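Inside the fold
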Amino acid sequence: MKSVLITGANRGIGLAFATAYLQRGWKVYAACRDMGRVGELLELGGDVEVVPLDVTSMEEIEALAGMLKGKPLDVLINNAAVHGPRDATGTFGNIDPEAWMEVFRVNTIGPVKVTEALLPNVLMGGDRKLVFISSMAGSISMRGSQPHHRTGGPYIYRTSKAALNAAVKAIGYDLRQKGVSVVTLHPGWVKTETGGWDAPGEPSDSVAAMMPLIDAATPEGNGVFLNVDGSVIGW
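I will try to describe carefully the structure that is included in this document. (Residues numbered from 1 in each chain as written. Predicted model: local features only at pLDDT ≥ 70, side-chain atom pairs only at ≥ 80, totals over all residues. Heavy atoms only, no water.)

Some remarks on helix α6 (residues 203-216)
- With 14 residues, α6 should reach 20 Å at 1.5 Å per residue; the first-to-last C-alpha distance of 20 Å fits that figure.
- What α6 keeps buried is the set Pro203, Ser206, Val207, Met210, Met211, Leu213 and Ile214. (Helix = DSSP H or I, 4+ residues; strand = E, 2+ residues; numbered from the N terminus. Expected span 1.5 Å × (residues − 1). Buried < 20%, exposed > 50% of the residue type's maximum accessible area, 1.4 Å probe, protein only.)

A few points about the packing of aromatic side chains
- For the structure on display, the rule yields four aromatic pairs.
- Residues Phe92 and Tyr155 carry aromatic rings whose centres are separated by 5.8 Å and whose planes lie at 25 degrees to one another, so their mutual orientation is stacked. One end of the pair, Phe92, is in the loop between β4 (75-78) and α4 (97-124); the other, Tyr155, is in helix α5 (residues 155-176), and 63 residues separate them in sequence.
- Arranged with centres 5.3 Å apart and planes meeting at 20 degrees, the rings of Phe225 and Trp235 form a pair that is stacked. Residue Phe225 is found in strand β7 (residues 225-227), and its partner Trp235 is found in the segment after β8 (232-233); the two are separated by 10 residues along the sequence. (Phe/Tyr/Trp six-rings, centres within 6.5 Å; stacked < 30°, edge-to-face > 60°.)

As for the pairing of strand β5 (residues 129-133)
- Among the five residues that make up β5, five are buried, leaving the element largely enclosed by the rest of the structure.
- Residues Lys129, Val131 and Ile133 point to one face of β5 and Leu130 and Phe132 to the other, with burial holding for every one of them.
- In terms of strand pairing, β4 meets β5 through four bridges, oriented parallel. Note on β5: the bridge partner recorded for Val75 is Lys129.
- What joins β4 to β5 is α4, and the crossover it makes is right-handed. (Pairing = 2+ DSSP bridges. Right-handed = clockwise from strand over helix to strand, strands pointing away.)

Re the side chain of Asn165
- With respect to the element layout, Asn165 can be found in helix α5.
- Those residues in contact with Asn165, other than ones at most four positions away along the chain, are Ser134, Ser135, Gly138, Ser139, Thr184, Phe225 and Trp235. (Contact = heavy atoms within 4.5 Å.)

Remarks on the packing of α4 against α5
- Relative to each other, α4 and α5 sit at 20 degrees, their axes nearing to 8 Å. Of the possible angle classes, the one that applies to α4 and α5 is roughly parallel. As α4 packs across α5, the resulting crossing turns out to be right-handed. Facing Ala99, Trp100, Val103, Phe104, Asn107, Thr108, Pro111, Val112 and Leu119 of α4, the residues of α5 in contact are Tyr155, Ile156, Tyr157, Thr159, Ser160, Lys161, Ala163, Leu164, Ala167, Ile171 and Leu175. (Axes fitted to C-alpha atoms, helices over the stretch in contact; angles between N-to-C directions. Parallel < 35°, antiparallel > 145°, perpendicular 65-115°, else oblique. Left-handed = near helix turned anticlockwise from the far one by under 90°.)

Thoughts on unusual backbone geometry
- In the Ramachandran plot, Arg128 falls in the positive-phi region, its phi being about 55 degrees despite a non-glycine side chain.
- Looking at where Arg128 falls in the secondary structure, it is placed in the loop between α4 and β5.
- Accessibility expressed as a relative area gives 27% for Arg128, which makes it partly exposed.

A look at the pattern of salt bridges
- All chains considered together, the criterion is met by six salt bridges.
- Residues Asp127 and Lys2 are paired through a salt bridge, measuring 3.1 Å at the closest nitrogen-oxygen approach. You can see Asp127 sitting in the loop between α4 and β5 and its partner Lys2 sitting in the segment before β1 (3-7), a full 125 residues away along the chain.
- For Asp127, a relative accessible area of 22% puts it in the partly exposed group.
- By relative accessible area, Lys2 is classed as partly exposed at 37%.
- Close ionic contact of Lys27 with Asp47 constitutes a salt bridge, the shortest N to O distance being 3.2 Å. Of this pair, Lys27 sits in strand β2 (residues 27-32) while Asp47 sits in the loop between α2 (39-42) and β3 (48-52), and the two are 20 residues apart along the sequence.
- We classify Lys27 as buried; its relative accessible area is 15%.
- Using a relative accessible area of 32% as the deciding quantity, one classes Asp47 as partly exposed.
- Through salt bridges with shared partners, a single network forms among Lys27, Asp47 and Glu49. (Salt bridge = Lys/Arg side-chain N within 4 Å of Asp/Glu carboxyl O.)

A few points about the nonpolar core
- By size, the foremost hydrophobic cluster in this structure holds 34 residues, and its most contacted members are Phe17, Tyr21, Val28, Leu41, Ile77 and Leu185.
- Counting only elements with at least two residues in this core, the list comes to β1, α1 (12-23), β2, β3, β4, β5, β6 (181-186) and α6.
- Beyond its immediate stretch of four places on either side in the chain, Leu185 contacts Val131, Phe132, Ile133, Ser134, Ser135, Met210, Leu213, Ile214, Phe225 and Leu226.
- Leu5, Tyr29, Leu64 and Val180 belong to the second-largest nonpolar core, a separate cluster that totals 30 residues. (Core = buried A, V, L, I, M, F, W, Y, C linked by side-chain atoms within 4.5 Å.)

Regarding the packing of helix α3 (residues 58-67) against α4
- Running from N to C, α3 and α4 point in directions that differ by 25 degrees, and their axes come no closer than 9 Å. On the basis of their axis angle, the class for α3 and α4 is roughly parallel. Handedness of the α3/α4 crossing: right-handed. Contacts from Met58, Ile61, Leu64 and Ala65 in α3 reach Lys113, Val114, Ala117 and Leu118 in α4.
- Residues of the contact of α3 with α4, tallied by class, amount to seven nonpolar, no polar and one charged. (Nonpolar A, V, L, I, M, F, W, Y, C, P; charged D, E, K, R; others polar.)

The quantities given are spatial measurements derived from coordinates; they are silent on function.
Right, dumping it as structure tokens:
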């Protein structure tokens, strides 16, 4: 049986990924920070194992790696993320440095450390795929190319995703020779706590579009940032 571990799996895109992989008959390790909010996961049925994980906690990352020692993972999906301040404290002139650091811990440092810890499991898997859910908001080259990109906007969120993109591109180069596919995806503007509830897209539709991109990924494609529709996004 193939297996996948998904961070931030109890809501939004993470929950939609868990649902989709269970429907495929996969073993799903659903990693969640808040173990008090896993009711929907437990109702999904199938082979789902809910595991605690705060991606900012090295103790919890190491505990998860210990729990999974010797168990192969075909796919690791680094999905957990936060938006950070939506008020003036997230914009230039008023940036809250503590909030900035916390978002970096979740969105940038956390995914890299989770990947480091679970890489032995991925190398044991048949598919050998690392997936990072990023955002077009982190694209430096696209700044100003769209109407909603023409203001400074949420510096904290955008810089955290730009830094994640830089790290993931480097990871892709480092792991290509080991046969690991590294996938960086923009899921579209989706109704989640991060995307906002006024977003036009549904998590299930986003995941349905992203899964074929994950399936098709090869190590030769490492270093490419893909939109949910499969088009390439500039870094």
